[in-house]
Amino acid sequence: MDSASISVSSDPVSPAPAVSASISTVAQGDAGLTKLDPAYKTALRISVTLTAIPFVVGAFVAEAALASAGEGGWPLPFGVLIGIVVFLALAFIIRLPGRRWQARGYAMGEDRLRVVRGILWRSDTIVPFGRIQHIDVDQGPIERALGIATLTLHTAGNHNASVPLPGLRHEIATEMREDIRQRIKRDSL
Amino acid sequence: MSRADAASPRVSVPLTARGANETPKPQPQSFASRAGEPQRTAPLSVIVGTLSSLQSALVPAAAAAFGTGIAGPGILIGLLVGVVIAGLGTVFSYIRWKRLTYTIGVQDIRVESGVLSRSARSVPYERIQDVSLEQKLLPRLLGLVAVKFETGAGGADDLSLTYLSETEGERLRELVRERRDDAESNARADAEASEPERSAEVEASENLFSMGPSRLFTYGVFEFSLAVFAVAAGLLQYLDSFFDIEVWDVDFWRDLAEEQGGWIFDLSAYGQALGAFAGLFLVVLIGSATGMFRTFSREWGFRLERTPRGFRRRRGLFTRTDVVMPVHRVQGLTIATRFIRYRFGWHSLRFVSLAQDAGSSSHVVAPFAKLTELDPIVAAAGFQRPNDNAEWHRATIAYRNVSILWDVSFFLLGALIAGIATAVYAPEWMGLAVAIPLALGAANAVVGFLSWRFKRHALDANQIVAVAGFLAPAMQVATRVKLHSVEIAQGPFARVFGYATLHLGMAGGEFAIPGIPAERAQEVRARILDTIAETDFSQLESQRLVQAA
């Protein structure tokens, strides 16, 4: 049976990307992508806020230290440093999660999963189910509070050794895991 | 504390009835009879430990001797330090030997080790990618061998037994292979009725590539290396803590130059030129000798064979290694070369696999060969070099221009910084400081422009091939069916200009094709995925039967 499948794959005359059934199940553009759960935005917002807090505190401390240093070196009026840091933090907290969410998406095909991500640096990965080594469904504390989970596909390749897909409803993530697992089993029989 | 620990084994170390019978020469049938019970490595390993600790004791001993005055009691103190270090090394290596046992089980190999904290590791036979034997100089003199079990876990995580006697090592290797094949054939016994491997076992091994002394000499010529000067500089720096030489002290060198310069100035211009020429000649001579020595010691007796078990490679003058790699583990191959040797048609061939080879992830199967010599090896691994009518595709012009501009912008930035810095601190150097980065940037742009033509890729019946490089082209070949994922990545510029980088998930190596048109990337991905989707990963293992046939 192996030799049969190889001879099909080594068909030298197929020139163009013949649109087979398996490709059409995963659209090439962004059209056929499934969006992540909106709670993913909240999760991102919380984690960005947690990351921003030390920077804002640091800005306050630095500003205070510079102000108390006297009329020596610091030329700018009080509050400029804090203002910049707070502005950046707010921009990241308000703007970034929505755009991230907008940029992400996935598509379950008949025999493959497509994961798209990235705002400036776009990445569009397809993992065939037949090459998946194992599957993880993880939940951090924030994700757990919001009822979402991260589905991670592990492959044996050096590049993309693990492909994470965050922001799925926990039930959907486990459902997808079972689905993929069964298809792997069916394929290999 | 170590002695107390060795005397009272709290943890259940299986010190069975064999208590004193550390038989150095195992009987032929003893291996099978002892299978299943814990064994120790060869007792001579302790002596290797002693000798290597003597080696590491040399420098501290010398330091102690010189530091306390070599003429007086220093020599005694030095000797004492050396003896203490060597003695400690022996004790530690004895304890380590005593506390390490390995068990050849039915389904796995277990190694228990550790002095204070015990660790037990088990590796199932079917997970062992290959077993390699390595003999460094000292163990080799004592007839010992290090056995390494490659699992694909990588480097330090791999299991190794240091040291076993040569016969024991060879037998262990055979045993692991048999057990592994049993496990594998049991697993697919119902799926595969015929076992072509069994009949192939009796076939003699076929020599694929070997290098004699004359080939090694040619290879050595191209391996010109000035590394010895770096080592000498390092040694000199090390010595300045013992002698009254300050290597980094400018005055020392100036004094030396003035002292010695006197008689140099006395020479005629002809004599000075002759001296400079002689110095240059000496550098070339030493560089060549280094390259020659390194090549001969690493590659001596290089021999690659195609055995029923896979590719077998043996090499090494002082450290002798013997590596076997099953054919079906080869994920892809790389044919590389270097600037000068390429002009003479010399190339190297590596196999990419999950197993590790001397720290690098790919196995060198032909380090220095003509392309026609490589072809049989490539064919034996189930690959082929692209033929003349391969349909090559290039990266986009926009990618070329963007990457050239991107690189050049760094040199411009460098020139700007250098210009400002010199304008402030040393205006007389400003021209030079700005010109050098600019010239480098221009050279970079020219190379980028020229090399674009040589960066190309092609798909054939079942492979994907990528070639890159203008002065020393390198070729990467991968079987499409053995890839694990495909990613199309686009940065901000790539999205504007419509090109993309294709990242292929290859086990044991990286494979990326940058800058191709976005539609072409989609097309290549679709074709690769169609190939992959037809074969499940678990069927890849049985692929080797097809390849072997």
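Residues numbered from 1 in each chain as written. Chains lettered and ligands numbered in written order. Predicted model: local features only at pLDDT ≥ 70, side-chain atom pairs only at ≥ 80, totals over all residues. Heavy atoms only, no water.

## A look at the overall build of chain B
- Counting its regular elements, chain B contains 18 helices and 20 strands.
- Per-residue burial over chain B gives 42% buried out of 549 residues.
- Taking the intrachain contacts of chain B between residues at least 6 apart in sequence as the baseline, contacts between residues at least 24 apart amount to 57%.
- Total accessible area on chain B stands at roughly 28500 Å², and carbon and sulfur atoms take up 65% of it. (Helix = DSSP H or I, 4+ residues; strand = E, 2+ residues; numbered from the N terminus. Buried < 20%, exposed > 50% of the residue type's maximum accessible area, 1.4 Å probe, protein only. Contact = heavy atoms within 4.5 Å. Areas by Shrake-Rupley, 256 points an atom, 1.4 Å probe, with all protein chains shown as cover.)

## Here's the deal with the overall build of chain A
- Scanning chain A for helices and strands turns up 7 helices and 6 strands.
- What you see in chain A, going N to C, is helices and strands ordered as α-α-α-α-α-β-β-β-β-α-β-β-α.
- In chain A, which comprises 189 residues, the share counted as buried stands at 38%.
- Put simply, 52% of the contacts in chain A that link residues at least 6 apart link residues at least 24 apart.
- Carbon and sulfur atoms provide 65% of the accessible area of chain A, an area that totals close to 10300 Å².

## Some thoughts on the pairing of strand β6 (residues 159-165) of chain B
All names here are of chain B.
- Where burial is concerned, most of β6 is hidden: 5 out of the 7 residues are buried.
- For strand β5 (residues 144-150) and β6, the ladder comprises 5 bridges, and the chain directions are antiparallel. Opposite Leu 144, over in β6, you have Ser 165 as the bridge partner. (Pairing = 2+ DSSP bridges.)

## Let's talk about the confidence of the model for chain A
- Here chain A averages 80 in pLDDT, while 78% of its residues score no lower than 70.
- Note that pLDDT drops below 50 for residues 1-27 of chain A; the model gives that stretch 42 contacts with residues more than four away or on any other chain. (pLDDT = per-residue confidence, 0-100.)

## A word on helix α13 (residues 371-380) of chain B
Residues and elements named next belong to chain B.
- Taken together, the buried positions of α13 are Leu 374, Ile 377 and Val 378. One face of α13 carries all of its buried residues, which in axial projection span an arc of 100°.
- One or two positions beyond α13, positive phi appears at Gly 382, with a value near 85°. (Arc of directions from axis to C-beta.)

## Regarding the nonpolar core
Residue and element names in this part refer to chain B.
- Counting 30 residues, the largest nonpolar core has Phe 209, Leu 304, Leu 333, Leu 349, Phe 351 and Ile 377 as its most contacted members.
- Every element with two or more residues in this core is listed here: β7 (206-210), α8 (213-222), β11 (332-336), β12 (347-357), β13 (360-369), α13, β16 (463-468) and β17 (474-479).
- Ranked by residue count, the leading element in this core is β13, at 4 residues.
- In this view, Leu 333 contacts Leu 349, Arg 350, Phe 351, Val 352, Val 378, Phe 383, Met 475, Gln 476 and Val 477; residues no more than four positions away in its chain are not counted. (Core = buried A, V, L, I, M, F, W, Y, C linked by side-chain atoms within 4.5 Å.)

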